[in-house]
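Structural features, examined
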Amino acid sequence: MASRGETPSQTVGPYFSIGISGPDENVLASDEVQGGRIRVRGRVLDGEGAPVGDALIEVWQANSLGRYRHPDDSRDDIALDEGFTGFGRAATIFETGEYLIDTIKPGPVPDPEGELQAPHLCLIVQARGLLNPLFTRLYFPDEAEANDHDLVLRMVPPERRSTLIASQEDGDPRVYRFDIRLSGEGEIVFFDV
Amino acid sequence: MALGPRIIVTGSVLDQNGEPVPGTLVEIWQANSAGRYAHWRDSESSAPLDPNFLGMGQTVTDAQGVYRFTTIKPGPYPWRNHPNAWRPSHIHFSLMGPALGSRLVTQMYFEGDPMLGLDPIFNAVPSHSRGRMIAAYDHDVTEENWATGYRWDIVIRGRMATPTDPEVG
């Protein structure tokens, strides 16, 4: 039984870029960081399919070897990368609702049962009018076999799994598209955490 | 130096068991004392900008889980949500705790503000927990000839295994 009540969540409002989300926070990896470079781009869309121009997307991921820079991840046999926190932020462009994240493709991380999860990015989405943050995951279309075995994806009804899998942009295998529909037709899956 | 009543806002970041959470990134943003944000989308405001006030700050909680900011008290501002709609004075807070589920973005309000009852954002929270967003005047925090003091403890969700962020290692 919790002895202290959580401080309630409030909307991030329209002015969050004053305090959070600096201009370069959507670039997670400097040149020295190991791993294959990827770009993730997409739009945040509301229930009518209109772009959300003041959304904040936060990304949290493992490094290319599948280790998180976090005190709880004590697997010292897997190297950490200097200069790679695994955390980044992107604000959507006001006119278009587009966001862009430059990072490296994460390695697989074990699930609680010790099986490897498919490579994925954890995303937190916030926007004006949302009372609470929304938690989702981005999986990769070129990891079909790993996706089929992923513990979290298998909890999602099969007909909705595709909402969590990015698509490959034509012409460049390093660029992935992931649109985040907040509600309505094509709403992506969000998780209770 | 920024214009407006200088205030100190301090408190502890705690988990639900009341244990302090050291190392938590705490970021804030707010309007200036006239009720204007230094943001291009607040350009229709009739209130002036303060060239000496950016309206943002960040810190990390210390070993006892304590954060502390020195700032100015933000002014209330109109926001066109409904006729004669005004936001009560508030400071936006963002906290990055030890797990995905402890991510918290919220707003801190001031004890005794008569506009709290009129604000749909404050009142979007169930009535029994609205008080958790209100900072209390604390004369022990107030510093002579410098600033008045407010105390506000923040409770975030602690570590726990979750479906989206299974424990690793």
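Before reading on, note that the structure itself is shown above.
Notes on the structure follow. (Residues numbered from 1 in each chain as written. Chains lettered and ligands numbered in written order. Predicted model: local features only at pLDDT ≥ 70, side-chain atom pairs only at ≥ 80, totals over all residues. Heavy atoms only, no water.)

1. Notes on the overall build of chain A
- When helices and strands are tallied, chain A shows 2 helices and 9 strands.
- Beginning at the N terminus, the succession of helices and strands in chain A can be written as β-β-β-β-β-β-α-α-β-β-β.
- Seen through its C-alpha atoms, chain A measures out along the principal axes to roughly 55 × 45 × 35 Å.
- Considering only contacts in chain A between residues 6 or more positions apart, those separated by 24 or more positions represent 68%.
- Of the roughly 8800 Å² that chain A leaves accessible, carbon and sulfur atoms contribute 49%.
- Each charge class in chain A can be summarised by its mean position, and for the 18 positive and 34 negative side chains these summaries are 2 Å apart. (Helix = DSSP H or I, 4+ residues; strand = E, 2+ residues; numbered from the N terminus. Contact = heavy atoms within 4.5 Å. Areas by Shrake-Rupley, 256 points an atom, 1.4 Å probe, with all protein chains shown as cover. Lys, Arg positive; Asp, Glu negative; His and termini not counted. Charge placed at Lys NZ, Arg CZ, Asp CG, Glu CD.)

2. Describing the overall build of chain B
- The secondary structure content of chain B amounts to 0 helices and 11 strands.
- Along chain B, helices (α) and strands (β) appear in the sequence β-β-β-β-β-β-β-β-β-β-β when read from the amino end.
- Rg of the C-alpha trace for chain B: 17 Å, near the compact-globule value of 15 Å for 169 residues, within the 12% margin.
- Of the contacts formed within chain B by residues at least 6 apart in sequence, a portion of 64% connects residues at least 24 apart.
- Total accessible area on chain B is roughly 7900 Å²; 53% of this is exposed by carbon and sulfur atoms. (Rg over C-alpha atoms; globule rule 2.2 N^0.38 Å.)

3. Let's talk about the interface of chain B and chain A
- At the interface, 51 residues of chain B touch 47 residues of chain A.
- Counting across the chain B and chain A interface gives 4 salt bridges.
- Arg89(A) serves as the salt-bridge partner of Glu27(B), at 2.8 Å between the closest nitrogen and oxygen.
- For the interface between chain B and chain A, the tally reads 18 residue pairs in polar contact (both at pLDDT 80 or more). (Salt bridge = Lys/Arg side-chain N within 4 Å of Asp/Glu carboxyl O. Polar contact = N/O pair within 3.5 Å; in protein donor to acceptor, adjacent residues only side chain to side chain.)

4. Here's the deal with unusual backbone geometry
All names here are of chain B.
- Look at arginine 80: it is not a glycine, yet its phi comes out positive at around 60 degrees.
- Note on placement: arginine 80 falls in the loop between β5 (77-78) and β6 (86-87).
- Judged by its relative accessible area of 68%, arginine 80 falls in the exposed class.
- The backbone phi angle of asparagine 145 is positive, close to 60 degrees, even though this residue is not glycine.
- In this structure, asparagine 145 sits in the loop between β9 (134-137) and β10 (148-151). (Buried < 20%, exposed > 50% of the residue type's maximum accessible area, 1.4 Å probe, protein only.)

5. What about the packing of aromatic side chains?
- Summed over all chains, the structure comprises 12 aromatic pairs over all chains.
- Plain terms: the ring middles of Tyr15(A) and Tyr37(B) are 4.2 Å apart, the flat faces sit at 25 degrees to each other, and that makes the pair stacked. Placement of Tyr15(A) in the segment before β1 (37-45) and of Tyr37(B) in the loop between β2 (25-30) and β3 (56-60) is noted, with the two residues assigned to different chains.
- With a relative accessible area of 0%, Tyr37(B) lands in the buried category.
- Arranged with centres 5.9 Å apart and planes meeting at 80 degrees, the rings of Tyr137(B) and Tyr150(B) form a pair that is edge-to-face. Of this pair, Tyr137(B) sits in strand β9 while Tyr150(B) sits in strand β10; the two residues are 13 residues apart in sequence, bridging distant segments of the chain.
- The class of Tyr137(B) is partly exposed, set by a relative accessible area of 37%.
- Members of the aromatic cluster, each reached through a chain of ring pairs, are Tyr67(B), Phe69(B), Phe93(B) and Trp152(B).
- Lying across the ring of Trp146(B), Arg6(B) places its NZ or CZ 3.8 Å from the centre.
- Sitting over the ring of Trp79(B), Arg87(B) keeps its end group 5.9 Å from the ring centre. (Phe/Tyr/Trp six-rings, centres within 6.5 Å; stacked < 30°, edge-to-face > 60°. Lys NZ or Arg CZ within 6 Å of the ring centre and 35° of its normal.)

6. A look at the pairing of strand β8 (residues 104-110) of chain B
Residue and element names in this part refer to chain B.
- With 7 of 7 residues buried, β8 is to be regarded as a mostly interior element.
- Across 6 bridges, strand β7 (residues 90-96) lies against β8 in antiparallel orientation. Residue serine 94 lies in a different strand from β8, and its bridge partner there is valine 105.
- Strand direction decides the pairing type here: β8 and β9, joined by 2 bridges, are parallel. By the bridge assignment, tyrosine 109 is partnered in β9 with isoleucine 134. (Pairing = 2+ DSSP bridges.)

7. A few points about the environment of Glu44(B)
All names here are of chain B.
- As for its placement among the helices and strands, glutamate 44 is situated in the loop between β2 and β3.
- Among the residues examined, glutamate 44 registers a relative accessible area of 64% and is labelled exposed.
- A C-alpha to C-alpha distance of 34 Å links glutamate 44 and valine 60, two positions 16 residues apart in sequence.

8. Some details on the sheet that holds strand β5 (residues 120-127) of chain A
All names here are of chain A.
- A sheet is described by the order of its strands in space; here 4 strands give the open sequence β3-β2-β5-β6, paired in antiparallel fashion. Edge positions in the sheet fall to β3 (87-91) and β6 (134-139), since each has one partner strand and no second. Averaged over all pairs of adjacent strands, the angle between strand axes in this sheet comes to 25 degrees, irrespective of strand direction.
- By the bridge criterion, 6 bridges tie strand β2 (residues 55-60) to β5 in an arrangement that is antiparallel. When the bridges of β5 are listed, valine 59 appears paired with leucine 123. (Axes fitted to C-alpha atoms, helices over the stretch in contact; angles between N-to-C directions.)

9. Notes on the side chain of Ser102(B)
All names here are of chain B.
- Of note, serine 102 is situated in the loop between β7 and β8.
- A polar contact is formed between the side chain of serine 102 and the backbone oxygen of alanine 99, at a distance of 2.6 Å.
- Contact partners of serine 102, with chain neighbours within four places excluded, come to Leu95, Gly97, Ile156 and Arg157.

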